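For reference, the chains in residue letters:
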Amino acid sequence: MGQTRALHSAGNKSRMSVVSSFIKDVGCNRALYIMLVPVILYYAVFRYAPMYGAIIAFKDFSPGKGILGSPWVGLTHFKDFITGYYFSRTVINTVLISLYDLIFGFPAPIILALMLNEIKNNPFKRAIQTITYMPHFVSLVVICGIIMKFTATDGVINDFLVFFGAERTSLMQRPELFRTIFIASGIWQQVGWGTIIYLAAISSIDMELYEACTIDGGGRLRQLLHITLPGISSTIVILLILRMGSIMNVGFEKIILLYSPATYQTADVISSFVYRKGLQEFSFSYSAAVGLFNSVVDFFLVASANWISRKVNETSLW
Amino acid sequence: MSIRKSLGDRIFDCFNALFMIMIMIVTIYPLLYVAFASLSDGVQLMAHVGALYKPLGLTLTAYKAVFSNIYILTGYRNTLFIVAAGLVVNLALTSLGAYALSRKSLKFRKPIMLFIIFTMYFSGGLIPGYLLVKGIGLYNSLWALIFPGAISTFNLILMRTAFQAIPASLEESAKIDGAGDFTVLFRIIIPLSLPTIAVMTLYYGVGHWNAWFSAMIYLRDKVKYPLQLILREILIQNETTNMMGDIDTTDQGNVAETIKYATIIVATLPILCIYPFLQKYFVKGTMIGAIKG
């Protein structure tokens, strides 16, 4: 008993000392804390309050009763989602879209950066960069508008397919093509921009290595494969690990611009499902539960990805 | 370089250059197609099959229709307001936070950083965020597009890193002369970090320019819609009827197509014209982001 009480008072004491040292810190750095007031207020209101609000996932929320007044229902919504029809569809679509993006979208800027690095004519190189960065600055709504126009029944892509003997169809209405169009347009938009980070890594490779290779009779292709590529491998590994950490996180903005009921079966991902259930059908609690499920899974994936990249390279995202 | 290139190297260069030219064409052609189509005559465009190499029957009809659409104009106005007001809020809060958290004298900066960084890993999700914005009375207000994203944690960390890199001796000498933290921030730190501020301005600015989703869920009145949301109605949801004005019903179907292309150009050209001049700042920003924070 006495021991517990001693421990208790020690705990109290350390808590007291934290509080008093905080008060002292505020005294010393009054201006800094005044600066932090709006910042902390922002995080409390717009980032932490929604985390508190996420408890509606365990309740039967109705706007009239408010968050506190709505009755608890435990894990009902989570069970409904996990045992329901949409669980496998949305999880599989999310993982597949991430995976295809990893397989096709991830290497694309690496290849382009390696080839761009071999262009020794500077004005030509700058022209390529300016042009390939361009689609990055076209807004997502416009990109999707262009995709819709080009893939329409009378669109330019169909003109070519007809030329090769295909039949005219609205390509965005075909579920088997959705992921291909989604990934391909993503590569088209971001490949140039994605090279920047790799070009930065390439520029920090020691030039003497290339000279040594030339003296040993190594051609350009050999230099590319044995000097440049290994030189940026650590950057590649970090970005790859971080990308894998966000495998369950496919943003809904582009999905909901492009999908339609005809393509839900291949296009609907977790985040777009949350949006549709919550903000179009107003099942707040159910979709909050799906969203919370996704947030928790994401949290562990991102945290472990960051932990691994820290281990691998003693470098991390932050 | 006086060393003669080997045959293998020359073949390599040739293929590489060809590949790059191909990449450029693939990148630029869709944008050129849109530009050509926007200047084309609707009837000819509908009848045309295949690629376009020039506008078909040069006409500005579609552009006239676009500029006579009141919502394109209100959309532009709203977007400009959101970008301007949003930037003021973004930059003020981000630089205040970044400065305070970059000072070593602040004993509690570690727990406060933890409090902030945690939000990068975990969020309450879409629905609780939506209910919050509605709950605090921001529904159908343009501020609903500004306050929830007032600080990007990633940008805050970038800016803090930049502030930390400024030699402490500058701050110390100012402090000896009696300057407080606000003076140090506004008279020393910010003037010395203008390139970083420029990068932040561009990151936040482009974000506001491109945003449409929060406008869609938080705004009710169409006159408050930003440009991107108007574009979504025209391009994705096919609402071109209220742009027809005095165009005969028989021609409307044909003009509707070119109107879409013209809308894309009107909404994209300003950004594409200024971006080559800003390019170096964007690139710099990516570099800062690549360095450990």
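(A) Molecular detail of the overall build of chain B. Broken down by element type, chain B carries 13 helices and 0 strands. Starting at the N terminus, the α and β elements of chain B follow one another as α-α-α-α-α-α-α-α-α-α-α-α-α. For chain B, with 293 residues in total, the buried portion stands at 35%. Sequence separation of at least 24 residues holds for 74% of the intrachain contacts in chain B that already meet a minimum separation of 6.

(B) How the structure looks around the overall build of chain A. From N to C terminus, chain A includes 17 helices and 0 strands. A compact globule built from 318 residues should have a C-alpha radius of gyration of about 20 Å, whereas chain A, at 26 Å, is more than 25% larger. Seen through its principal axes, chain A has C-alpha atoms that stretch 80 × 55 × 40 Å. Within chain A, the fraction of its 318 residues that count as buried is 33%. A separation of at least 24 residues holds for 66% of the contacts in chain A among residues at least 6 apart in sequence.

(C) Spotlight on the interface of chain B and chain A. If you look at the interface, chain B gives 77 residues, while chain A gives 71 residues. The residue makeup of the side of chain B that touches chain A, split by class, is 51 nonpolar, 19 polar and 7 charged.

(D) Representation of helix α6 (residues 107-117) of chain A within the structure. All names here are of chain A. Turning to α6, its buried residues number three or more, namely Pro109, Ile110, Leu112, Ala113 and Leu116. The buried residues of α6 all sit within an arc of 165° when viewed along its axis, so they share a single face. As for α6, its buried residues are in contact with α7 (122-133), α10 (175-203) and α13 (233-245).

(E) Highlighting unusual backbone geometry. With a phi angle near 60°, Phe282(A) is a residue other than glycine that sits in the positive phi range. Mapped onto the secondary structure, Phe282(A) falls in the loop between α16 (270-280) and α17 (284-313). Classification of Phe282(A) by C-beta neighbours within 10 Å gives exposed; the count is 12. A positive phi angle is found at Asn140(B), which is not glycine, with a value near 65°. Residue placement: Asn140(B) occurs in the loop between α6 (126-135) and α7 (153-164). We classify Asn140(B) as exposed; it has 12 C-beta atoms within 10 Å.

(F) The arrangement of the domain arrangement of chain B in detail. Taken domain by domain, chain B consists of domain 1 (7-68 + 240-290) and domain 2 (70-223). Here the C-alpha centre of domain 2 of chain B lies 33 Å away from the C-alpha centre of domain 1 of chain B.

(G) Molecular detail of the environment of Val266(B). All names here are of chain B. Summarising the element assignment, Val266 is placed in helix α13 (residues 249-290). Accessibility expressed as a C-beta count within 10 Å gives 19 for Val266, which makes it partly exposed. Setting aside anything within four residues of it in sequence, one finds Val266 in contact with Val66 and Ile72.

(H) Highlighting the environment of Thr263(A). Residues and elements named next belong to chain A. Within the secondary structure, Thr263 sits in the loop between α14 (252-258) and α15 (264-267). For Thr263, a count of 21 C-beta atoms within 10 Å translates into the label buried. Dropping the residues within four chain positions of it, Thr263 is found in contact with Met172, Gln173, Pro175 and Phe178.

(I) Fine view of the packing of helix α8 (residues 168-176) of chain B against helix α9 (residues 181-192) of chain B. All names here are of chain B. Running from amino to carboxyl end, α8 crosses α9 at an angle of 130°, the nearest separation of the two axes being 10 Å. Looking at the two axes, α8 sits oblique to α9. In this structure, the crossing between α8 and α9 has a hand that is right-handed. Side by side, α8 and α9 meet where Leu170, Glu171, Ala174 and Lys175 of the first sit next to Thr183, Val184 and Ile188 of the second. The residue makeup of the contact of α8 with α9, split by class, is 4 nonpolar, 1 polar and 2 charged.

(J) Local environment of the packing of helix α4 (residues 70-102) of chain B against α7(B). All names here are of chain B. Two numbers describe how α4 lies on α7: the axes approach to 8 Å, and their chain directions differ by 50°. Classed by the angle they form, the pair α4 and α7 counts as oblique. By crossing handedness, the relation of α4 to α7 is classed as right-handed. Every residue of α7 that contacts α4 at Thr94, Ser95, Gly97, Ala98, Tyr99, Leu101 and Ser102 is listed here: Asn155, Leu156, Met159, Arg160, Phe163 and Gln164. Tallied by class, residues from the contact of α4 with α7 come to 6 nonpolar, 6 polar and 1 charged.

(K) Looking closely at the domain arrangement of chain A. All names here are of chain A. Taken domain by domain, chain A comprises domain 1 (13-69) and domain 2 (76-139 + 176-313). Domain 1 and domain 2 are separated by 34 Å when their C-alpha centres are compared. With 6 residues of domain 1 in contact, the opposing surface of domain 2 contributes 6 residues. A per-class count over the side of domain 1 that touches domain 2 returns 4 nonpolar, no polar and 2 charged.

(L) Here's a closer look at helix α8 (residues 140-151) of chain A. Residues and elements named next belong to chain A. Look at α8: 16 Å from first C-alpha to last across 12 residues, which is about the 16 Å you get at 1.5 Å a residue. For α8, a buried count of 10 out of 12 residues is recorded, marking the element as mostly surrounded by other parts of the structure. Within α8 the residues assigned to the buried category are Val141, Val142, Ile143, Cys144, Gly145, Ile146, Ile147, Met148, Lys149 and Thr151.

(M) Layout of the confidence of the model for chain B. Per-residue pLDDT for chain B has a mean of 87; in total, 89% of the residues score no lower than 70. Within chain B, the element-level pLDDT minimum falls on α13(B), averaging 77, and the maximum on α4(B), averaging 95.

(N) Structural view of the confidence of the model for chain A. Taken as a whole, chain A shows an average pLDDT of 88; of its residues, 94% reach a score of 70 or greater. Mean pLDDT per element in chain A: helix α1 (residues 2-28) of chain A is the minimum at 70, and helix α2 (residues 30-53) of chain A is the maximum at 95.

What counts and what doesn't
- Residues numbered from 1 in each chain as written.
- Chains lettered and ligands numbered in written order.
- Predicted model: local features only at pLDDT ≥ 70, side-chain atom pairs only at ≥ 80, totals over all residues.
- Helix = DSSP H or I, 4+ residues; strand = E, 2+ residues; numbered from the N terminus.
- Buried ≥ 20, exposed ≤ 12 C-beta atoms within 10 Å, placed from the backbone.
- Contact = placed C-beta atoms within 7 Å.
- Rg over C-alpha atoms; globule rule 2.2 N^0.38 Å.
- Nonpolar A, V, L, I, M, F, W, Y, C, P; charged D, E, K, R; others polar.
- Arc of directions from axis to C-beta.
- Domains from an automatic or database assignment.
- Axes fitted to C-alpha atoms, helices over the stretch in contact; angles between N-to-C directions.
- Parallel < 35°, antiparallel > 145°, perpendicular 65-115°, else oblique.
- Left-handed = near helix turned anticlockwise from the far one by under 90°.
- Expected span 1.5 Å × (residues − 1).
- pLDDT = per-residue confidence, 0-100.

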